[in-house]
Structures are given as C-alpha cells and as structure tokens.
Amino acid sequence: MDETFSLSLKEVKQDLVLGIVECNKRGLVQSAKWLSELNHGLSDVAVKTGAGKSFENLFAGVGAEEYDDYVLAKSYFDVREYDRCAHFTRNCASPVPKFLHMYASYMSKEKKRLDNMSDNSIVNGNSHVKDFSDLLTTLRTEHGQRKLDGYCLYLYGVILKKLDLNQMAVQIFVEAINAEPTMWGSWLELAPLVTDKAMLQNLKLPNHWMKQIFIGYTYIELFLNDEGIKIFENLQANGFGKCIFIPTQLAIAFSNKRDVDKSIEIFQHLHEMDPFRLDNLDSYSNLLFVKDMKTEMAHLAHKAVDINKYSPETCCVVGNYYSIRADHHKAVVYFQRALKLNPRYLSAWTLMGHEFMEMKNTNAAIQSYRQAVEVNRRDFRAWYGLGQAYEILKMPFYSLHYYKAAQQLRPYDSRMLVALGETYEKLEKASTALKCYQKAYNVGDIEGVALYNLARLYEKQNQIEKAIPALLRFCSNENAIADKSSLCHAYMTLGNFYEKNEQFDKASHFAYKCLDHEDTKREAEALLKTIANKRQQKTAAAASSSSAAAGTPGADPEGDSESGEGKGKASDMDLEEVEMDESNVGRMVDMVMAQDDMLVENEEPEFQLEQAAELENSSLSIIMEDGSDANE
C-alpha cells in the first residue's frame, strides 16, 4: 500500500457523480447516501454534470421496452413494497431492472426475517437459508455463465455472507469491486471478512482511489488504529478534509486508542458541521458516558429525540443517558426499543448486556452478549462481558475461553490480560497467571492493578523477595490507586518485610501510612509496637556489648544511634532514604520479570471439566466476523 499517493480530485468527483446515479437507479440508498456525503465534501471541485456522461447514465441500463415496468417497479421499491416491485420486473432482462428484481426479492425476504427477529428478539435464525435458496441458485448459475455485473455480484456476495460462506463471499466481493470500484457497499461488506493485515495486503483489489479509504477503514476495524489514522490524515491532506466520513473514522480510531478527549473533540466538531446527523451518535454518547459528562449527555439525548424519536441511534443515546443516572430498568427499555427498530444494532445488544449485569441478571446479560457476538464477532466488549458473566457464575473454564477471545481481539489491552491472569489463578495455573500480569504491566496497566496482582501472587507462593519490588512500584503512585484496601495491604506487606529484615525506619514509614485506614489500623499499631520493642532490645544489646567491651558496669545512653527512639516513641521516617531505595525499583521489577517467559499466547487452557469439553468442541472461532447488516 502506498503511504503517500496523488489523485485527481476532478476524477474522484466524476466517479462519485456517476456512482450516485447508478446506486439510486438500483435502490442502493445507503451506498448512494455515502457517496453523496463524500461528493458534498468535494463541493469546491467543479465538474460538468449538465449534459455529460452522468446525464446519459440516468437512462443507461434500462431497455426501452422495459422502461415503463422499471419506473413503476422502482416507485414500489421506494415505498418498500418489495414483492410488488419484484413482480413487475420478473421478466426484465436489461441490467438495471434485472438487478432491481433480484434485490427486491432479497429485501422482501430479509424484511420479513427481521420482522420475525423483532418479535422473538433473536438474531440467529436458520429460516433464511431456505428463503434465499432460490435466489442463490439463480445467482450461482448466472455467475458461472459470467452474466453478473458488479451490482449483481455485490448481491451474490451479501447472500453468501448471510449463509456464512465467508471464503466464497470474499472472492465474490473482490470480483464486484473490480467490476464497480465506486460501489461502496461491496467494500463495506468485504471489510468485516478481512481477518488480519496479511489477508488485507493479499487481496487483489483495483488500484483505485476508493482502495485507500477501504484500507484505512479496515485497519480501524482490525484495531490497527495508528495505521488507519495515518491513512485518513493523509486523505485529509489530499483534499478530503471536508468529507464527514474521514473525521468520523479518526474519532473512532482515537476512541479505540482510549484518547477519549481527542475523540470527543472531533465528534463535537462533526456535530457543529452537521447538527442533525444521527450516524455514530451512539459512539459519541459512549465517550460522554466514560467521561461522566452527564450534562452533555442530557443535551445530546434531547437533541436526538428532537431529530428522530424512533431511530435506533436515538434510543441508544437515551438508554445511555438513563444508564449514567443509574436508572438501569429504563435504560434496558430504550435499548430494547432500539432492537425492535433494528434487531442487528450492535451497540444496543452490548449495552443492554452491561445493564443486565448492573441489575445482577446474569442470564439475561449472557443472552444479550451472545446476540452481540452473532451480530459482530469482533466486538471485544461482548466477549469480555461473557467472561465476566461466567466468572460470576463460578464457571472459570467458560470464563477463560471468552477472556481469551477478547484478548486476541485486543492483544495490548491490559484489562483483558488481567482478567486472563485472574482466571488462570483460579484454575491454579500460577505460572501462566504471572505471565499475564507481567504482560499487562508491560503494555500499560490501564486499571493499575497488574503489579498488585503480580506481587500478591508472588506472596501467595512465598516468593516475598520477588513481590517487594512490584509492591514498591505499585505504591509509588498512591494517589492514582482507587482501591485503598489493596494499597493498605501493600503497605502492611512492605512494613512486615522491612521489620523482619530489621530496617525499622522503612517499616515504620509504611506502618504509619496504614494508621489512617480502619481495616489496617490495629495491625499497623501492633507492628509499630513490635518495631519499638525490637529497637529497645537492639539498643539494650548494643549497650550491654559496649559496656562489656569497655569493662564498665553501665553503658553510655548515647552510644546507640537508635536509643532515643527505642522507648515507645514513634519514629519519623527519613523519606529521602525511602526515595533512594525506590530509585532502583524499576530495575528490580524488570530483573524479576525477566526470569519468566512473557509469552501468554502459547498457553492453552486444559479443559478438564465436562462443561469445558463441550465448549472446546463447539468450534467457536476466535477469528471474528463482523455481523453488520448489509441491507441497504
């Protein structure tokens, strides 16, 4: 892929104009909408449209004798009377009416299937296999005879994808793209089928300007956010700066990188540019939720309701608003409304699962997360939620499987690694758990618990010397630690360690820190008394030894440096000494971690339970498939 490229904006604009005409003729309204938004971003680029090629294309592809049937059928299609549209184009042979007939037949069956899903709240149904069989047979036959154009190939690929024939669908979508490069729907359907960067680079795609947008979009789908950001920033610099799709993808990429402030800033700018736009508004709402911006969420919810009260995006935004107010029952109601409107709306399934978890309804949460995975197998939040749900049900082998799926989707997310480590620990696989915690710390510990878990596990294995450097590093930024009980436990462990090693100043320093917390106050007081007693004994022993050596019956009371502090008086720690001791903590942690193999991926769970054996046989693929709806 070329990281820098040049293109003619006039050629791009001409391609967009022609593409809009062709998609509108065939009822591909979502692709036409996307192309129109991109075209509007290039409004400064002038092209001739009055009597040029685009004007001629308004009537191209429709036979003269079929024109009346086509116009009638297209009007039926526009008002969603798909069966009537298919009936009046059943005998048409010219390209546009022929595609409209097959597409209307597909949309009729898909609409009925989605309506049934709305009634049952179930995404994965097998009835559509039978529904699409006749249409699939027709498309397969004509494909073998090479009679399908780029648009019919797109429809063929969509049906193959619906039937989970993904390998064949990839080949068909690549054919469709080479035949019609400006057909955005083909690119969009291909992206979720790309499993990794190597597969993306091996696809035989045309050297077209749309390829750059597709590659950037797919990189972000694969969570290769830096590469995606680079491509879209390059597109902005090459004349696409006003195209609203480009900054939207940048906002999503920054959100994936947990740069929430930058992502919110882009979404706010987009909202100013297009205040009535609902696309991706659920993503914006999620970011506001993360930042706990309740006022902004309230304004966004009211604005969305004013625009379109009954759109899935609006219901999702309102559901998020009730969620941040801890009104989980109302939040579930609005997420369910979103799913009634669109049963394949991913955000609603995942967020509803979160709400059921908050309501302690684990079984309902599992069902919601499973539906989310059916819609989009790349949704790491749903896999992670399933892991948490089975963890609550005390089924660690199941939990491990789902955490591994989430971790493979987000290999550099410390939350997934910590969850894996905790599960391995429950399964008494301590060495693997240690590797998970170590890697979580190395990739950037988001929650700040990896070091504590690492030290606690070392402590559990009686390897206190390895635990101490990790605890010192953990305590070095005490203000950022939310779990104060963990912090107090770390202080007490450090205090006891230094007390046993007769480093009384350091032991007193950490013991005093525990006096402010009720849970550890008594233990800290006992430790301080022990330190004081040991200091007295040490002082007395030193004095006795000194007097014996000098041959005198008494000892100089000032002969021991600690004698003034050894009679029950609390010592004040020389903080500089602790800081100097902690200056080498980073090196100590690295030395400890270097003793273990850092690779987690090769460690496979030993499923010894009957339930886990069933799960292993279920052939759940970790290579995710995006279940985004292909319907126009």
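What you see is a predicted model, and the numbers here were worked out from it, not measured in a lab.

Attention now goes to the UniProt feature "repeat: TPR" (unreviewed entry) in the protein. In the numbering used here, UniProt assigns the feature "repeat: TPR" (unreviewed entry) to residues 312–345 and 346–379. Annotated as 79% helix and 0% strand, the span residues 312–345 places its first and last C-alpha atoms 7 Å apart. In the segment residues 346–379, helix accounts for 79% and strand for 0%; the C-alpha atoms at its two ends are 8 Å apart.

Now for the side chain of Ser399. Positionally, Ser399 belongs in helix H24 (residues 396–409). Those residues in contact with Ser399 that sit more than four places away from it in its chain are Gly387, Tyr390, Glu391 and Thr423.

So, about the pattern of salt bridges. One pass over the full model with this rule turns up 23 salt bridges. Between Arg410 and Asp413 there is a salt bridge, with its nearest N and O atoms 3.9 Å apart. Asp413 shares its class with Arg410; the two are buried. Here Arg415 makes a salt bridge to Asp413, at a shortest N to O gap of 2.6 Å. In this structure, Arg415 and Asp413 share a single accessibility class: buried. Salt bridges sharing partners connect three or more residues here, namely Glu22, Lys25, Arg26 and Asp149.

Turning our attention to the environment of Asn234. In this structure, Asn234 sits in helix H14 (residues 225–240). The class of Asn234 is buried, set by a relative accessible area of 16%. It is 9.7 Å that separates the C-alpha atoms of Asn234 and Gln212, two residues lying 22 residues apart in sequence.

Here we take up the confidence of the model for the protein. Here the protein shows a mean pLDDT of 83. Residues at 70 or above account for 82%. Per-element mean pLDDT across the protein ranges from 39 in helix H34 (residues 610–617) up to 96 in helix H19 (residues 312–324). Here residues 554–586 is modelled with pLDDT under 50, and outside its nearest four sequence neighbours on either side it reaches 45 contacts, counting other chains as well. Throughout residues 592–632 the model reports pLDDT below 50, and contacts reaching past four residues in sequence, or to other chains, amount to 111 contacts.

Time to look at the packing of helix H22 (residues 362–375) against helix H23 (residues 380–392). At their nearest, the axes of H22 and H23 sit 9 Å apart, and the two run at 155° to each other. Judged on the interaxial angle alone, H23 and H22 are roughly antiparallel. For the pair H22 and H23, the sense of crossing is left-handed. Contacts from Thr362, Ile366, Tyr369, Arg370, Ala372 and Val373 in H22 reach Arg381, Ala382, Trp383, Gly385, Leu386, Ala389, Tyr390 and Ile392 in H23. Of the residues in the contact of H22 with H23, the class split is 10 nonpolar, 2 polar and 2 charged.

Cut-offs used in this document
The numbering scheme is per chain: residues are counted from 1 as the chain's sequence reads. This being a predicted model, a pLDDT of at least 70 is required before a residue's local features are given, and a value of 80 or more before pairs of side-chain atoms are given or counted; all residues contribute to the totals for chains, interfaces and linings. Values shown for side chains rest on all heavy atoms present in the structure; no hydrogens or waters enter the calculation. UniProt positions are given in the numbering used here, feature names are shortened, and annotations may be inferred rather than shown by experiment. Only runs of H or I of at least four residues qualify as helices and only runs of E of at least two qualify as strands under DSSP, and these elements are numbered from the N terminus. Contacts: residue pairs with any heavy atoms within 4.5 Å of one another. Salt bridges are identified by distance alone: a Lys or Arg side-chain nitrogen within 4 Å of an Asp or Glu carboxyl oxygen. Think of it in three bands: residues with accessible area under 20% of the maximum for their type are buried, residues over 50% are exposed, and the middle band is partly exposed, with areas taken using a 1.4 Å probe on protein chains only. Scored from 0 to 100, pLDDT reflects the predictor's confidence in each residue. As a rule, the C-alpha atoms of each element are fitted with a line to give its axis, helices using only the stretch in contact, and angles between N-to-C directions run from 0 to 180 degrees. What sets the label is the angle itself: under 35 degrees gives roughly parallel, over 145 gives roughly antiparallel, 65 to 115 gives roughly perpendicular, and the rest give oblique. Left-handed is the label given to a crossing in which the near helix is rotated counterclockwise from the far helix by less than a right angle, and right-handed is the label when the rotation is clockwise. Basically, the charged four are Asp, Glu, Lys and Arg, the nonpolar ten are Ala, Val, Leu, Ile, Met, Phe, Trp, Tyr, Cys and Pro, and anything else, Gly included, counts as polar.

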